[in-house]
Amino acid sequence: MDRRMATRLSKFLSLVLRHRPSEYGLNMDDEGFVAFDDLVDIVVAEDILAEDAEDEIMKIVDGSSRRRFEVVDGRIRALYGHSSGIRLNLPEHEAPGFLYHGTTLGGAREIAKSGLKPLGRAFVHLSATEEEARAIGRRHCDEPVIIRI
């Protein structure tokens, strides 16, 4: 699968698993999991992939350095970015001295006025390093503002 198609598949998986599972007829449990086979059927039905859909989805799951998705016991879920409240039950980690949030200049101004809020998501995305926050912020603008928390 070429890079453009891999990006399209990853974005589709994110859309379905983070925001619109019911729109595609998926039954998401309290921890955000849906049946892997049902998701494969949707990817094929939506004409995202026709052949080897299961293998290509697993390449996206296993190939992401940021670990966006998880497959356990025939079920799949997104690991962050949900717009609905789910319980991910992820292991706790010792918090570093600082966390970072990458945003646009307009976003930083709004945060200064109203505070850091999840807006349409279930949680605020915080990064352990300034570099990671900058990379995430670059999805929205070329020169993100980094907020240290």
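Within each chain, residue numbers correspond to sequence positions counted from 1 in written order. Residues qualify for local features only when their pLDDT is at least 70, as the model is predicted, and side-chain atom pairs are given and counted only at 80 or more; totals for whole chains, interfaces and linings, by contrast, use all residues. The basis for the side-chain values is all heavy atoms of the structure; hydrogens and waters are excluded.

A. Inspection of the packing of helix 1 (residues 3-19) against helix 3 (residues 53-63) at higher detail. A fitted line through C-alpha atoms represents every axis, and for helices the fit uses only the stretch in contact; the resulting angles, taken between N-to-C directions, go from 0 to 180 degrees. The helix and strand labels rest on DSSP assignments: H or I over at least four residues marks a helix, E over at least two residues marks a strand, and numbering proceeds from the N terminus. Across the interface, helix 1 lies against helix 3 with an axial gap of 10 Å and an inter-helix angle of 80 degrees. With respect to each other, helix 1 and helix 3 are oriented roughly perpendicular. Between helix 1 and helix 3, the contacting residues are A6, L9, S10 and L13 on the first element and E56, I57 and I60 on the second. All residues other than Ala, Val, Leu, Ile, Met, Phe, Trp, Tyr, Cys, Pro, Asp, Glu, Lys and Arg, Gly among them, are scored as polar; the first ten of these are nonpolar and the last four charged. Taken together, the residues that form the contact of helix 1 with helix 3 break down as five nonpolar, one polar and one charged. To sort the angles, those under 35 degrees are grouped as roughly parallel, those over 145 as roughly antiparallel, those from 65 to 115 as roughly perpendicular, and the leftovers as oblique. Whether two residues are in contact is decided by their heavy atoms: any pair within 4.5 Å suffices.

B. Region of the structure containing a nonpolar patch on the surface. Taken together, the side chains of L116, L126 and I149 make up a nonpolar region of the molecular surface, amounting to roughly 220 Å² of accessible area. With respect to the helices, strands and loops of the structure, L116 is situated in the loop between helix 4 (105-114) and helix 5 (130-137). Only protein chains enter the accessibility calculation, which uses a 1.4 Å probe; a residue whose area is less than 20% of its type maximum is buried, one above 50% is exposed, and one in between is partly exposed. For L116, a relative accessible area of 32% gives the class partly exposed. Each patch is built from residues that are more than 30% exposed by relative accessible area and take part in no salt bridge. Like charges join if they lie within 9 Å; nonpolar side chains (Val, Leu, Ile, Met, Phe, Trp, Tyr) join within 5 Å. Accessible surface area values rest on a Shrake-Rupley calculation with a 1.4 Å probe, where residue burial reflects the displayed protein chains alone. We count a salt bridge whenever a side-chain nitrogen from Lys or Arg sits within 4 Å of a carboxyl oxygen from Asp or Glu.

C. Quick look at the nonpolar core. Buried Ala, Val, Leu, Ile, Met, Phe, Trp, Tyr and Cys residues that are joined via side-chain atoms within 4.5 Å together make up what is termed a nonpolar core. Membership of the largest hydrophobic core comes to 23 residues, with the highest contact counts inside it found for L9, L13, V43, I57 and I76. Of all the secondary-structure elements, those providing two or more residues to this core are helix 1, helix 2 (36-45), helix 3 and strand 3 (75-78). Considering every element that reaches this core, the biggest residue donor is helix 1, with seven residues. Ignoring sequence-local partners within four residues, the contact set of L13 consists of R18, L39, V43, I57, I60 and F69.

D. Broad picture of the pattern of salt bridges. Scanning all chains against the criterion turns up seven salt bridges. For R75, the salt bridge is made with D29, and the minimal N-O distance between the two is 2.8 Å. Of the two residues, R75 is situated in strand 3 and D29 in the loop between helix 1 and strand 1 (34-35); the sequence distance between them amounts to 46 residues. One salt-bridge network, in which partners are shared between bridges, spans R67, E70 and R77.

E. Geometry of helix 2. Inspection of helix 2 places F36, L39, V40, I42 and V43 among the buried residues, and these make up the whole buried set. Taken down its axis, helix 2 places every buried residue within 160 degrees of arc, on the same side. In helix 2, the exposed positions angled more than 90 degrees off the buried face are occupied by D37, D41 and A45. Where helix 2 is buried, its residues meet helix 1, strand 1, helix 3, strand 2 (69-72) and strand 3. Once helix 2 finishes, D47 follows within two positions and takes phi at roughly 65 degrees, a positive value. Each direction from the helix axis to a C-beta atom contributes to the arc, which is the arc of those directions.

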